[in-house]
Amino acid sequence: MKKQSLARGLARIVALAALGLTAATQAAAATSPAATYTMPVYKSAGDVNAACDRMMSDLKSAQTALEELPGTSGTTLLQQLDAMYRSYEDTDGPMSLLTAVHPDKAIRDATEACDLRYQAFSASFQQSAKVLALLKQVQPADGIDRRFLKDTMDAFEDAGAALPEDKRHRAEELNNQISKLAQEFERRVREDKTQVAFTEAELKGVPPEAWKNAKRDGQGRYLLGMAYPVSGPVIERAVNPKTRERMWRAFQSRGGQDNLDTLSQLVALRHEYAGLFGFDSFANFAERRRMSGTEAEVEKFLGTVKGAVEQREKADIELLRGFKARETHRPLADTKIERWDVGYYTERVRRAKFSIDEEQFRQYFPSDASVKFVFRIATRLFNVDFVPVDEPLWHADARAFAVVDLATHQPIATFYVDLYPREDKFSHAAMWGFRNPSTAVGRLPAGGLVANLDRKGLTIDELKTLLHEFGHGLHQVLSHTRYASQGGTNVLLDFVEAPSQMLEDWVYDPKVLALFKEVCASCKPVPPALLARADKARHFAKGIVFSRQHLYASYDLAMYGREPQDPLKLWSRMEGATPLGHVEGSMLPASFGHLASGYPAGYYGYLWSLVIAEDLRTAFEGKRLSAEVGKRYRDTVLANGGQVAPQELVREFLGRPTDSRAFFKSLNK
Ligand SMILES: [Zn+2]
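Residues numbered from 1 in each chain as written. Predicted model: local features only at pLDDT ≥ 70, side-chain atom pairs only at ≥ 80, totals over all residues. Heavy atoms only, no water.

A.B. asks: Give a detailed account of the overall build of the chain, specifying residues and quantitative values.
C.D. replies: A tally of regular secondary structure across the chain gives 25 helices and eight strands. Here the C-alpha radius of gyration of the chain, 24 Å, is about what a compact globule of 669 residues would show, namely 26 Å. Counting only C-alpha atoms and orienting by the principal axes, one finds that the chain spans roughly 80 × 55 × 55 Å. Taking all 669 residues of the chain together, 62% fall into the buried category. Just so you have it, the chain exposes about 24,800 Å², and 52% of that area is on carbon and sulfur atoms. (Helix = DSSP H or I, 4+ residues; strand = E, 2+ residues; numbered from the N terminus. Rg over C-alpha atoms; globule rule 2.2 N^0.38 Å. Buried < 20%, exposed > 50% of the residue type's maximum accessible area, 1.4 Å probe, protein only. Areas by Shrake-Rupley, 256 points an atom, 1.4 Å probe, with all protein chains shown as cover.)

A.B. asks: Which residues make up the packing of helix α11 (residues 295-328) against helix α12 (residues 339-354), and what values do they have?
C.D. replies: Their axes nearest at 10 Å, the elements α11 and α12 cross at an angle of 85°. What the angle tells us is that α11 and α12 run roughly perpendicular. In contact with Leu-319, Leu-320, Phe-323, Lys-324, Glu-327 and Thr-328 of α11, α12 contributes Asp-341, Val-342, Tyr-344, Tyr-345, Thr-346, Arg-348, Val-349, Ala-352 and Lys-353. When the residues that make up the contact of α11 with α12 are grouped by side-chain class, the tally is eight nonpolar, two polar and five charged. (Axes fitted to C-alpha atoms, helices over the stretch in contact; angles between N-to-C directions. Parallel < 35°, antiparallel > 145°, perpendicular 65-115°, else oblique. Contact = heavy atoms within 4.5 Å. Nonpolar A, V, L, I, M, F, W, Y, C, P; charged D, E, K, R; others polar.)

A.B. asks: Break down the packing of aromatic side chains for me, with residues and values.
C.D. replies: Scanning all chains against the criterion turns up 46 aromatic pairs. Both rings, one in Tyr-88 and one in Tyr-118, keep their centres 4.0 Å apart while their planes meet at 15°; by these two values the pair is stacked. In this pair, Tyr-88 is assigned in helix α2 (residues 76-101) and Tyr-118 in helix α3 (residues 105-125), connecting sequence segments 30 residues apart. Given a relative accessible area of 0%, Tyr-118 falls into the buried group. Here the guanidinium or amino end of Arg-244 rests over the ring plane of Tyr-344, the centre of that ring lying 3.8 Å away. Geometry around Phe-251 places Arg-254 over its ring, the cationic atom sitting 3.9 Å from the centre. (Phe/Tyr/Trp six-rings, centres within 6.5 Å; stacked < 30°, edge-to-face > 60°. Lys NZ or Arg CZ within 6 Å of the ring centre and 35° of its normal.)

A.B. asks: Describe in detail the side chain of Asp-556, supporting the description with residues and values.
C.D. replies: Here Asp-556 lies in helix α19 (residues 542-559). Of the side chains with opposite charge, Arg-290 lies nearest to the buried Asp-556, which makes no salt bridge, at 6.4 Å. A polar atom in the side chain of Asp-556 sits 2.8 Å from the backbone nitrogen of Ala-601. The residues touching Asp-556, leaving out its near neighbours within four places in the chain, are Leu-595, Tyr-599, Pro-600, Ala-601, Gly-602, Tyr-603 and Tyr-604. (Lys, Arg positive; Asp, Glu negative; His and termini not counted. Salt bridge = Lys/Arg side-chain N within 4 Å of Asp/Glu carboxyl O. Polar contact = N/O pair within 3.5 Å; in protein donor to acceptor, adjacent residues only side chain to side chain.)

A.B. asks: Break down the state of the cysteines for me, citing the residues and quoting the values.
C.D. replies: Evaluation of the coordinates by the stated rule reveals two disulfides. Across the disulfide, Cys-52 is cross-linked to Cys-114 (sulfur-sulfur distance 2.2 Å). Its S-S torsion of about 95° marks the bond between Cys-52 and Cys-114 as right-handed, since a negative value means left-handed. Of this pair, Cys-52 sits in helix α1 (residues 45-67) while Cys-114 is found in helix α3, placing the two residues 62 residues apart along the sequence. Judged by its relative accessible area of 1%, Cys-52 falls in the buried class. Each disulfide pairs two cysteine sulfurs, and for Cys-520 the partner residue is Cys-523, the sulfurs being separated by 2.0 Å. Since a negative S-S torsion denotes a left-handed disulfide, the Cys-520-Cys-523 link at about 90° is right-handed. (Disulfide = S-S within 2.5 Å.)

A.B. asks: Lay out helix α23 (residues 627-638) in plain terms, naming residues and giving numbers.
C.D. replies: With 12 residues, α23 extends just 14 Å between its outermost C-alpha atoms, more than 12% less than the 16 Å of an ideal straight helix rising 1.5 Å per residue. Taken as a whole, α23 has its buried residues at Val-629, Gly-630, Tyr-633, Arg-634, Thr-636, Val-637 and Leu-638. Residue Ser-626 occupies the N-cap position of α23, its side-chain oxygen lying 3.2 Å from the main-chain nitrogen of Glu-628. (Expected span 1.5 Å × (residues − 1).)

A.B. asks: Describe the packing of helix α7 (residues 228-237) against α12, with residues and values.
C.D. replies: Closest axis-to-axis distance for the α7/α12 pair is 6 Å, and the angle between their directions is 70°. Between α7 and α12, the angle falls in the class roughly perpendicular. The residues of α12 that touch α7, namely those facing Ile-235, Glu-236 and Arg-237, are Trp-340, Gly-343, Tyr-344, Glu-347 and Arg-351. Along the lines of polarity and charge, the residues of the contact of α7 with α12 split into three nonpolar, one polar and four charged.

A.B. asks: Break down the pairing of strand β6 (residues 410-418) for me, with residues and values.
C.D. replies: Taken across its nine residues, β6 has seven buried, putting it largely inside the fold. Relative to β6, strand β5 (residues 399-405) runs antiparallel, the two sharing seven bridges. Within the sheet, the bridge partner assigned to Ala-400 lies in β6 and is Tyr-416. Turn length for the β5-β6 hairpin, with the two strands adjacent in sequence and antiparallel, is four residues, and the turn residue His-409 shows positive phi of about 60°. (Pairing = 2+ DSSP bridges.)

A.B. asks: I'd love a proper account of the environment of Ile-612, names of residues and values included.
C.D. replies: Position of Ile-612 relative to the elements: it lies in helix α22 (residues 605-617). A sequence separation of 38 residues divides Ile-612 from Val-650, and the C-alpha atoms of the two residues are 8.2 Å apart. The residues touching Ile-612, leaving out its near neighbours within four places in the chain, are Met-291, Asp-494, Phe-495, Ala-498, Val-650 and Thr-658.

A.B. asks: Just give me the short version of α3, but keep the residues and values in it.
C.D. replies: The α-helix winds at 3.6 residues per turn, so residues separated by three or four positions along the chain end up facing the same way. For α3, built from 21 residues, the straight-helix expectation of 30 Å at 1.5 Å per residue is met to within 8% by its first-to-last C-alpha distance of 30 Å. The N-cap of α3, judged by a side-chain oxygen 2.9 Å from the amide nitrogen of Ala-106 a few residues on, is Asp-104.

So, in structure tokens, the structure goes:
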């Protein structure tokens, strides 16, 4: 999913929900405006290939024209580079989304092949010493040009444009291998066909909606796959520990040994890549282009988080252990919390302590109404509406919306949603910011939100995940940047999760949830007492959740550190050192897409961005639907995408430099 964009070596972001944090323990207007953008419809792989051929030929002509520009061309060079980026986005942008969601394997394969062709072009083009020399002569007109120029030069340098010839060739080879391996990794997770067979008795405790319509095997057992709405409830709700264990083990094995081998190769190749530039670790190579700056700075940050959550995790586990001992009528000393017990007993204790059952919320948050609800939040905060548009799309579940600015009644973006699980579809939750705006040429943005929700309704945790991805969506559709290369979520990787995580908090505010009534007349309001209990319960087991996030971040950092490490050995050692230990045979890294593509040496960005998100929330304290604060936030943080440094955007919005007080205060709640 990590795409080398033409103009920069940074990710063209595919921003995922944090693994395990938001999925937690596993878990209109009257008139229809013209859409500002229409998704291409491909009927066959041949269609995809033809579109790809056109893109490649356009890019090659653009490259030739660009290399002939005189050194005195001023910022024309920047405009030309952005035009190339846009032409890449026009074709490969929607294809990147289709790779994740298209039901036809031939089309998915063709879109992947097209992306590899583009990546190969980009790896070679960004090594152009000629273009780099031209870039060095550009006199930027203002801060926005200056930042775009610097980002572009960084991307050329990171692609190897300034390396001696032999290293330059190797860099190009490595980039191509990395793109290919990252695709293979993602494909194996997406197309994983693992099923586990259970008898009805074994599924005791699991809501029947999760399994009753599943196919059965010859012995009448239900065959359950890995999709969140199926595997999640089995792991969290099955009374029989063997049932939980079998599903947990299957879920932890997605991707398999092949993906462990692929990840291992990715780690080695990225290490070698950083070495070409004189860096002793890929983490240092990557971090220097992010807010953190260095691997050491990330380590320091993770150290402060660890201190704050370590004791709390132990206390949480003790609580679960005590509960399990009482429930199983065994002495405490003989009772151990297994990995597949965590979700189950967290849920049990939460129910006992706070009278909260996550399942209770589904009746209040029907899936379609939940989407209208998050749109309504945007209407209140940012004065925009999401109006359904009739457009042929890749699947009957997918929907298109025109984003209309209510101040001008003009469409400003297009937004797609594809919410329910199906075979071969991307299995997590993410937003594809596949088309970026450019005020210089009047181009409007588009994004696509992909999730795997339960059709019958959402839990409050799932509503939080939806809002998280919608936060990325807003960052995309409300951005208003000069260059497409710096639009939307094309921001520093350790900032990109701030706008999304900020919004997660909104689901506990009764004034916000009251918006359900506005979008769904038949929706029953969440009883205030239930919501108040949920608000208290959310702090429960925080030690476990944050320790897990901390472990993922530390693992990612160590794997991409000075000594390239075998992914599974390192994981079993690091997970083995935690209070719950490592389960022999489990292989979480085999499905950990963030590490393969998109977020290598960048998983810490979730916690890093959360510090900023908590600080941003302080401006909305007690007024989470304020149009006045919303406008300020939209105009400063969201509109500017990546064209201004994140520290500056946040300072302008908050009226002071950002700090970590709100984060640690919230962590200690
Ligand atoms: Zn995210």
